[in-house]
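Architecture and fold: a report
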Amino acid sequence: MIKPFLYSLLIINTIIYISFYFPFTSPIVHFTASSILLSALFIFIVIIIRKLEINGKQSVFLILMGILFRLILIPIEPVASNDVYRYIWDGKVQANGINPYTYAPIDESLSHLDSGQLLSKFNYPHLKTIYPPYSQWMFLIAYLIAGESVWGIKLLLFVSEIFTILFLFLTLRNLKIDEKYTLIYALSPLPIIQFFVDAHADGFGITLIAIFFYLFSTNRLLYSYFTLGLSITAKLITLMIYPFLLKGRSIKNFIALLIVPAVTVALVYLPYSITGFPFESLFIFAQKWYSNGAVFTLFQNIFNDNFLARIFSVLLFFAGFIWLYFSKKDFKEKTYLIFILFFLFSPVVHPWYITWVAFLTALNFRWSGVILISTISISNIYAMNYLLKNTWEMSDWLLMLEYLPVIIFLIQEEFKFRNNKAINRGLI
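All figures in this text were calculated on a predicted structure; none of them were measured in a lab.

**Quick word on the overall build of the chain**
Secondary structure assignment for the chain yields 20 helices and zero strands. Scaling as 2.2 N^0.38, a compact globule of 428 residues should have a C-alpha radius of gyration of about 22 Å, and the chain matches this with 21 Å. Taken over the C-alpha atoms alone, the chain extends approximately 70 × 55 × 50 Å along its principal axes. A buried classification covers 56% of the 428 residues belonging to the chain. When the accessible surface of the chain is split by element, carbon and sulfur atoms take 69% of a total near 19,200 Å². Distance between charge centres in the chain, computed from 30 positive and 22 negative side chains, equals 13 Å.

Quick look at the structure:
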């Protein structure tokens with residue numbers, strides 16, 4: 001009875017993904033409604049996956065369904081975000097031998113590159129690019145493949161996603177965790193929609209962290225350290241897990257872990273740093289932007305001060321980091337939790353940021369992660385309102401609906417972890 005219900009849910013998922021081809025009057029309304037509905041269905045899919053014993057052939061079939069969902073959406077034009085056009089612009093700039101960190105898109109030095117098709121499509125053309133070097137490599141390759149078309153980025157994301165799912169599957173096997181948990185990522189609508197409708201670049205970085213965990217699980221440490229360094233050049237947030245690796249290493253291992261990622265990051269950033277500063281827009285972003293942050297918004301409401309809200313959020317995050325560092329949890333659990341804490345305390349949390357949590361939840365199953373990668377779809381309402389009304393309005397009620405269930409599950413999981421530890425020690 002359970003399996004037919006699972007397949008019925010997957011058929012409904014397929015219909016919803018195909019519905020992106022329907023000529024809706026307002027694509028953003030359809031996008032928002034679909035993402036919320038798919039997220040609700042996903043929770044039921046996870047419940048069933050948890051209950052079922054799924055053999056190898058069934059896992060492969062269900063993984064292929066996840067890949068099919070991605071394929072279905074590749075031809076769809078972006079709906080909720082225009083970031084992909086900035087990716088293509090950066091690729092075009094590099095293809096013409098120019099460092100994307102040197103000039104803002106509207107700088108007169110780049111006026112000869114404006115075809116009239118890109119510059120008007122993305123936000124903040126007065127700022128230099130914020131995207132890190134590894135992503136820039138992908139943007140260049142995508143532009144060389146497809147020019148100013150979106151499908152070049154999506155093609156590379158599709159290849160990246162196949163590798164992510166493959167290495168996740170192999171890592172779970174190496175760690176002697178049921179491979180069916182690959183489906184938490186493969187069937188999650190969050191990466192499917194964020195990468196194959198709006199074509200966000202986080203998919204490139206997630207592949208690198210998937211390869212890192214695979215190499216680490218096979219004890220190929222030097223290669224894993226190199227991949228970790230490369231992942232930092234794709235998304236700086238992976239730097240957060242670095243200190244957890246350093247703890248408890250032998251001297252030889254400790255030195256290698258210090259040197260290999262650092263040299264990798266330096267070598268990747270160096271060519272871009274000669275004629276530009278890769279962190280300029282990041283610093284601006286970190287000081288001013290805020291959107292959909294949970295704890296930050298709470299402090300913002302209390303102090304009515306952006307700076308104070310950021311300070312208190314950062315302090316609480318570092319308190320959580322120190323607690324995690326000295327805790328007895330294993331490395332993959334610390335990685336999961338530091339990402340969760342980061343997004344709970346961050347001033348800016350876009351839906352595509354949480355795709356990292358989708359991967360880490362598959363690697364280290366927790367209901368708090370499943371809930372977050374589902375409720376984050378509610379935040380698409382802000383983008384819908386912006387595109388329809390040209391106003392970015394945040395709602396405290398929607399924020400509570402997004403984050404309160406996550407926090408409740410997270411606290412419950414921590415109490416359960418403490419109780420289990422006490423039982424194992426014979427204290428209860």
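So that's the structure; there's more coming.
**Some points on the packing of aromatic side chains**
All chains considered together, the criterion is met by 42 aromatic pairs. Relative to F279, the ring of F277 lies with its centre 5.8 Å away and its plane at 70 degrees, an arrangement referred to as edge-to-face. We classify F277 as partly exposed; its relative accessible area is 42%. Of the residues examined, F279 reaches a relative accessible area of 23% and is grouped as partly exposed. Centre to centre, the rings of F343 and Y353 are 6.4 Å apart; their planes meet at 35 degrees, and the pair counts as tilted. Of this pair, F343 sits in helix α16 (residues 331-345) while Y353 is found in the loop between α16 and α17 (355-363), placing the two residues 10 residues apart along the sequence. An aromatic cluster is defined as three or more aromatic residues linked by ring pairs; in this entry it consists of F317, F318, F339, F342, F343, W352, Y353 and W356.

**Concerning a nonpolar patch on the surface**
Taken together, the side chains of L298, I302, F303, F307, L308, I311, F312 and L315 define a hydrophobic patch exposed on the protein surface, amounting to about 740 Å² of accessible area. No other element matches the five residues that helix α15 (residues 306-326) contributes to the nonpolar patch. Within the secondary structure layout, I311 lies in helix α15.

**Some points on helix α5 (residues 133-146)**
Across its 14 residues, α5 extends 20 Å between first and last C-alpha, which sits within 8% of the 20 Å expected from 1.5 Å per residue. Listing the buried residues of α5 in full gives P133, Y134, S135, Q136, M138, F139, A142, Y143 and A146. Of the surrounding elements, those touching the buried residues of α5 are α4 (83-95), α6 (151-174), α9 (202-217), α10 (221-232) and α12 (251-273).

**A look at the side chain of T227**
Tracing the backbone through its elements, the reader meets T227 in helix α10. Residues contacting T227, with those up to four places away along its chain left out, are L208, I211, F212 and L215.

**Remarks on the packing of α10 against α12**
Following both chains from N to C, one finds α10 and α12 inclined at 40 degrees, their axes separated by 8 Å at the closest point. Put simply, α10 runs oblique to α12. In this structure, α10 meets α12 at a crossing whose hand is right-handed. For the pair α10 and α12, contact is made by L221, L222, Y225, F226, G229, L230 and I232 and by N253, A256, L257, V260, P261, T264, V265 and V268, respectively.

**Focus: the packing of α9 against α17**
Between α9 and α17, whose axes approach to 10 Å, the crossing angle comes to 25 degrees. It follows from the interaxial angle that α9 and α17 lie roughly parallel. The way α9 lies across α17 gives a crossing that is right-handed. Of α17, the residues touching α9 (which contributes D202, G205, I206, I209, A210 and F213) are T355, W356, F359, L360 and L363. Here the residues of the contact of α9 with α17 are counted per class, giving eight nonpolar, two polar and one charged.

**Some points on α17**
With nine of nine residues buried, α17 lies mostly within the body of the structure. Within the sequence span of α17, burial applies to T355, W356, V357, A358, F359, L360, T361, A362 and L363. Of the surrounding elements, those touching the buried residues of α17 are α6, α7 (182-186), α8 (189-196), α9, α16 and α18 (367-375).

**Re the pattern of salt bridges**
In total, this model carries 10 salt bridges according to the counting rule given. The partner of D202 in a salt bridge is K235, and the shortest N-O contact between them spans 3.0 Å. Within this pair, whereas D202 is found in helix α9, its partner K235 is found in the loop between α10 and α11 (242-246), the two being separated by 33 residues in sequence. Residue class for D202 comes out buried when judged on its relative accessible area of 6%. One connected set of salt bridges, linked through shared partners, spans K329, E333, R366, E413 and E414.

**A short note on unusual backbone geometry**
Positioned with a positive phi, N219 is a non-glycine residue whose angle comes to about 65 degrees. Its location among the elements puts N219 in the loop between α9 and α10. Residue classification places N219 among the exposed residues on the basis of a relative accessible area of 58%. A positive phi angle, close to 55 degrees, is found at N304, a residue other than glycine. For N304, a relative accessible area of 69% corresponds to the exposed category.

**A word on the side chain of T129**
Relative to the assigned elements, T129 resides in the loop between α4 and α5. For T129, the side chain forms a polar contact with the main-chain nitrogen of Y131, separated by 3.4 Å. Within the structure, T129 has its side chain in polar contact with the side chain of Q136 (distance 3.3 Å). Ignoring sequence-local partners within four residues, the contact set of T129 consists of R86, D90, P100, Y101, Q136, P278 and S281.

Cut-off values and rules
- Residues numbered from 1 in each chain as written.
- Predicted model: local features only at pLDDT ≥ 70, side-chain atom pairs only at ≥ 80, totals over all residues.
- Heavy atoms only, no water.
- Helix = DSSP H or I, 4+ residues; strand = E, 2+ residues; numbered from the N terminus.
- Rg over C-alpha atoms; globule rule 2.2 N^0.38 Å.
- Buried < 20%, exposed > 50% of the residue type's maximum accessible area, 1.4 Å probe, protein only.
- Areas by Shrake-Rupley, 256 points an atom, 1.4 Å probe, with all protein chains shown as cover.
- Lys, Arg positive; Asp, Glu negative; His and termini not counted.
- Charge placed at Lys NZ, Arg CZ, Asp CG, Glu CD.
- Phe/Tyr/Trp six-rings, centres within 6.5 Å; stacked < 30°, edge-to-face > 60°.
- Patch = residues over 30% accessible without salt bridge, like charges linked within 9 Å, V, L, I, M, F, W, Y side chains within 5 Å.
- Salt bridge = Lys/Arg side-chain N within 4 Å of Asp/Glu carboxyl O.
- Expected span 1.5 Å × (residues − 1).
- Contact = heavy atoms within 4.5 Å.
- Axes fitted to C-alpha atoms, helices over the stretch in contact; angles between N-to-C directions.
- Parallel < 35°, antiparallel > 145°, perpendicular 65-115°, else oblique.
- Left-handed = near helix turned anticlockwise from the far one by under 90°.
- Nonpolar A, V, L, I, M, F, W, Y, C, P; charged D, E, K, R; others polar.
- Polar contact = N/O pair within 3.5 Å; in protein donor to acceptor, adjacent residues only side chain to side chain.

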